[in-house]
Amino acid sequence: MTRAWLTVLLLGASTVALKALGPVAFGGRTPSARQMNVLGHLAPALFAALIVTQVFVRGKSLTLDARAAGLAVAMVGAYRRASPILILAGAAAVTAVVRHLP
Amino acid sequence: MQLFRGETVVEYRAGARAVLPFAAVIATVGVLFGFLATAAGLSPLAAVLMSGTTFAGSAQFAAVSVLAGGGTAGAAVTAAALLNTRYVPLGVAIAPALQGSFWKRLVLAQFVVDEAWAVAYLGEGRFSHKRLVGAGVVLYATHVAATAIGTAAATLPADPSAWGLDAAFPALFVILLWPHVQGVSRITAAVLGAIIVLSLTPLTPPGIPVVAAAVASLLGAKGG
């Protein structure tokens with residue numbers, strides 16, 4: 001089985017299980033405030049990790065290229081509460097322009 | 001009895017109608033996912049089936065992003081599943097509204113995505129499972145159909161990086177990150193996650209640094 005299909009299969013199964021965990025297993029019991037707070041910190045840690053990986057990582061080495069300009073545009077856009085479509089289009093356009101600079 | 005049945009249908013419909021504005025956003029995200037997943041090397045069928053079996057956009061983007069960076073299936077699934085743990089508190093909150101057998105609750109729970117969950121909320125901690133299903137069915141159909149359209153767009157003969165489309169992934173993650181960086185401790189968790197990736201990248205196989213970044217969430221154990 002290829003890497004992609006294995007991912008589709010395992011991710012599907014784990015998502016079904018995690019979504020069902022609250023209604024099936026907890027059944028009214030609430031996780032502690034501390035557990036909820038750790039779960040709340042997973043999203044910022046992982047999204048930041050994914051951003052850095054996408055922009056600065058190529059295989060096992062760190063790189064700095066046009067994608068960093070796209071990231072800067074996306075961050076300014078998010079800070080200014082621009083619409084998601086505008087942020088995506090702006091980041092792509094600036095990355096393409098910087099990449100084609102002589 | 002007839003009246004009761006009519007009321008029931010009304011509630012499903014109310015959920016479906018209330019979620020329509022969100023469906024437009026889900027459609028855009030679905031098209032983008034289909035496009036990026038195919039560009040990253042998934043077959044169109046695999047991309048559509050992932051949307052059909054994993055009804056959770058940000059986890060799908062995370063998994064495909066790790067695969068595109070050369071990570072293993074294990075790293076891709078672990079990173080995505082860690083993101084999906086946010087469905088545990090959502091599921092706990094809505095649990096009292098999802099009654100019935102084990103299998104019924106398991107199926108109903110699958111309709112929980114942020115937007116359907118919000119539409120099902122009646123206030124004061126109460127939820128309507130009928131509004132959840134009405135909204136969930138609309139969003140699920142939109143998500144899968146939009147993914148299929150995105151995979152078709154990806155077969156157009158063009159070099160995605162020439163158009164800067166490789167910047168769409170990080171830009172999307174910035175959009176997803178933004179609502180979560182409230183307060184010093186969550187901002188610190190984000191910065192620490194980034195530092196973990198930068199320091200582990202030369203040392204470990206691709207995909208592992210992202211999974212390791214989850215350690216930064218332990219900052220939440222201190223409270224705040």
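Residues numbered from 1 in each chain as written. Chains lettered and ligands numbered in written order. Predicted model: local features only at pLDDT ≥ 70, side-chain atom pairs only at ≥ 80, totals over all residues. Heavy atoms only, no water.

Asker: How would you sum up a nonpolar patch on the surface? Please name residues and give values.
Answerer: All names here are of chain B. Judged by side-chain polarity, I187, V191, L192 and I195 come together as a nonpolar surface patch covering roughly 320 Å² of accessible area. If you trace the backbone, V191 turns up in helix α11 (residues 184-200). For V191, a relative accessible area of 47% puts it in the partly exposed group. (Patch = residues over 30% accessible without salt bridge, like charges linked within 9 Å, V, L, I, M, F, W, Y side chains within 5 Å. Areas by Shrake-Rupley, 256 points an atom, 1.4 Å probe, with all protein chains shown as cover. Salt bridge = Lys/Arg side-chain N within 4 Å of Asp/Glu carboxyl O. Helix = DSSP H or I, 4+ residues; strand = E, 2+ residues; numbered from the N terminus. Buried < 20%, exposed > 50% of the residue type's maximum accessible area, 1.4 Å probe, protein only.)

Asker: Can you explain the nonpolar core? Please cite residues and give values.
Answerer: Core analysis: the largest hydrophobic core is formed by 80 residues, its most contacted members being L50(A), L42(B), F61(B), I94(B), L132(B) and L139(B). Looking at which element gives the most residues to this core, the answer is helix α2 (residues 33-56) of chain A, with 9 residues. Ignoring any residue separated from it by four or fewer positions in sequence, one finds L132(B) in contact with I94(B), L98(B), L108(B), F111(B), V112(B), A116(B), W117(B) and A120(B). (Core = buried A, V, L, I, M, F, W, Y, C linked by side-chain atoms within 4.5 Å. Contact = heavy atoms within 4.5 Å.)

Asker: Quick one: what's the story with the domain arrangement of chain A, residue by residue and with numbers?
Answerer: If you check the domain split of chain A, you get domain 1 (1-55) and domain 2 (64-102). Each of domain 1 of chain A and domain 2 of chain A has a C-alpha centre, and the two are 28 Å apart. (Domains from an automatic or database assignment.)

Asker: Quick one: what's the story with the interface of chain A and chain B, residue by residue and with numbers?
Answerer: Taken together, the contact between chain A and chain B spans 67 residues of the former and 91 residues of the latter. Its largest share of buried area at the contact with chain B, chain A owes to K19(A), H41(A) and F47(A), together 11% of the area lost on that side. Taken together, the connections running from chain A to chain B amount to 1 salt bridge. For the salt bridge of R99(A) with D166(B), the shortest nitrogen-to-oxygen distance reads 2.8 Å. In this assembly, chain A and chain B are joined by 16 residue pairs in polar contact (both at pLDDT 80 or more). Secondary structure elements with two or more residues in the side of chain A that touches chain B: α1 (3-26), α2, β2 (61-62), α3 (66-79) and α4 (84-99) of chain A. Counting residues per element, the side of chain A that touches chain B draws most heavily on α2(A), which supplies 22 residues. By residue class, the composition of the side of chain A that touches chain B is 44 nonpolar, 16 polar and 7 charged. (Buried area = accessible area lost by both parts, 1.4 Å probe. Polar contact = N/O pair within 3.5 Å; in protein donor to acceptor, adjacent residues only side chain to side chain. Nonpolar A, V, L, I, M, F, W, Y, C, P; charged D, E, K, R; others polar.)

Asker: I'd like to hear about the packing of α2(A) against α3(A), residue by residue, with values.
Answerer: Residue and element names in this part refer to chain A. Following both chains from N to C, one finds α2 and α3 inclined at 145°, their axes separated by 8 Å at the closest point. Between α2 and α3, the contacting residues are I51, Q54, V55 and F56 on the first element and R67, A68 and L71 on the second. Of the residues that constitute the contact of α2 with α3, the class distribution is 5 nonpolar, 1 polar and 1 charged. (Axes fitted to C-alpha atoms, helices over the stretch in contact; angles between N-to-C directions.)

Asker: Got a sec to walk through the pattern of salt bridges? Specific residues and values, please.
Answerer: If you walk through the whole model with that rule in mind, you get 3 salt bridges over all chains. A salt bridge links D65(A) to R67(A), with the nearest nitrogen and oxygen atoms 3.1 Å apart.

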